[in-house]
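Working through the structure, step by step
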Amino acid sequence: MVSPPSVSYNHGEVCRFKKVLYGFKQVSCASFMKFYDILTFLGFCPKHHDPALFLKCTTTSCILLSLYVYDIIIIGDDVDEISKSNLASHFEMKDLNSLITF
């Protein structure tokens, strides 16, 4: 591993970067805020008891969307409404088929 040019150290020493962890926390917060903004724009409402749970109900269907680390779990009673929610146009998504356990 090569250190950045601005960091000098002696051979055999270990470098500890404090700012890296802080940066990762900021990325997670910024990612969640982007996720939150897009979902509320699409009509999903966040639940107060679980900030990572979003709900969208219409007269014909109900969709629950849960964010778990970097995975999105979508549960609903109308497959057509889920596909019309346009999530794939805002996020990089891969369908992992039906949820077996959670």
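Source: prediction; values computed, not measured. (Residues numbered from 1 in each chain as written. Predicted model: local features only at pLDDT ≥ 70, side-chain atom pairs only at ≥ 80, totals over all residues. Heavy atoms only, no water.)

Remarks on the overall build of the chain
Within the chain one finds two helices and four strands. Expressed as a percentage of the 102 residues in the chain, the buried residues total 19%. Once local pairs closer than 6 in sequence are excluded, the contacts in the chain between residues at least 24 apart make up 22%. Here the chain displays about 8,600 Å² of accessible surface, and carbon together with sulfur accounts for 60% of that area. (Helix = DSSP H or I, 4+ residues; strand = E, 2+ residues; numbered from the N terminus. Buried < 20%, exposed > 50% of the residue type's maximum accessible area, 1.4 Å probe, protein only. Contact = heavy atoms within 4.5 Å. Areas by Shrake-Rupley, 256 points an atom, 1.4 Å probe, with all protein chains shown as cover.)

Observations regarding a nonpolar patch on the surface
Taken together, L64, I75 and L99 make up a surface patch of nonpolar side chains, about 260 Å² in accessible area. Among the structural elements, L64 can be located in strand 3 (residues 62-68). Residue class for L64 comes out partly exposed when judged on its relative accessible area of 35%. (Patch = residues over 30% accessible without salt bridge, like charges linked within 9 Å, V, L, I, M, F, W, Y side chains within 5 Å. Salt bridge = Lys/Arg side-chain N within 4 Å of Asp/Glu carboxyl O.)

Considerations on the packing of aromatic side chains
What the rule picks out here adds up to three aromatic pairs. Pairing F32 with Y36 gives two aromatic rings, centres 6.4 Å apart and planes at 40 degrees, and the pair type is tilted. You can see F32 and its partner Y36 sitting in helix 1 (residues 18-41), four residues apart, about one turn around the helix. A connected cluster of aromatic rings, assembled from ring pairs, spans F32, F35, Y36 and F54. (Phe/Tyr/Trp six-rings, centres within 6.5 Å; stacked < 30°, edge-to-face > 60°.)

Some words on the nonpolar core
Core analysis: the biggest nonpolar cluster contains 12 residues, these being F35, I38, L39, L42, F44, A52, F54, I63, L65, L67, L87 and F91. Apart from residues no more than four positions distant in its own chain, F54 is found in contact with F32, F35, Y36, L39, F44, C45, P46, I63, L64 and L65. (Core = buried A, V, L, I, M, F, W, Y, C linked by side-chain atoms within 4.5 Å.)

Section: the sheet that holds strand 4 (residues 71-76)
Strand order in the open sheet formed by four strands is 1-2-3-4, and the pairing between neighbours is antiparallel. Across the chains shown, the open sheet's two edge strands, defined by having one partner strand only, are strand 1 (45-47) and strand 4. Strand-to-strand twist of the sheet, defined as the mean angle between neighbouring strand axes without regard to direction, takes the value 25 degrees. Strand direction decides the pairing type here: strand 3 and strand 4, joined by six bridges, are antiparallel. If you follow L67 over to strand 4, its bridge partner there is I72. (Pairing = 2+ DSSP bridges. Axes fitted to C-alpha atoms, helices over the stretch in contact; angles between N-to-C directions.)

A word on the state of the cysteines
In the structure shown here, the tally under the stated rule is zero disulfides. The thiol sulfur of C45 is not disulfide-bonded, and the nearest other cysteine sulfur, from C57, lies at 8.5 Å. In this structure C45 comes out as partly exposed when scored by relative accessible area, which is 42%. (Disulfide = S-S within 2.5 Å.)

A word on the environment of I75
Inspection of the secondary structure assignment puts I75 in strand 4. Placed 23 residues apart in sequence, I75 and S98 show a C-alpha to C-alpha distance of 9.6 Å. Contacts of I75, omitting those with residues within four sequence positions, involve C62, I63, L64 and I82.

Just geometry here; none of it tells us what the structure is for.
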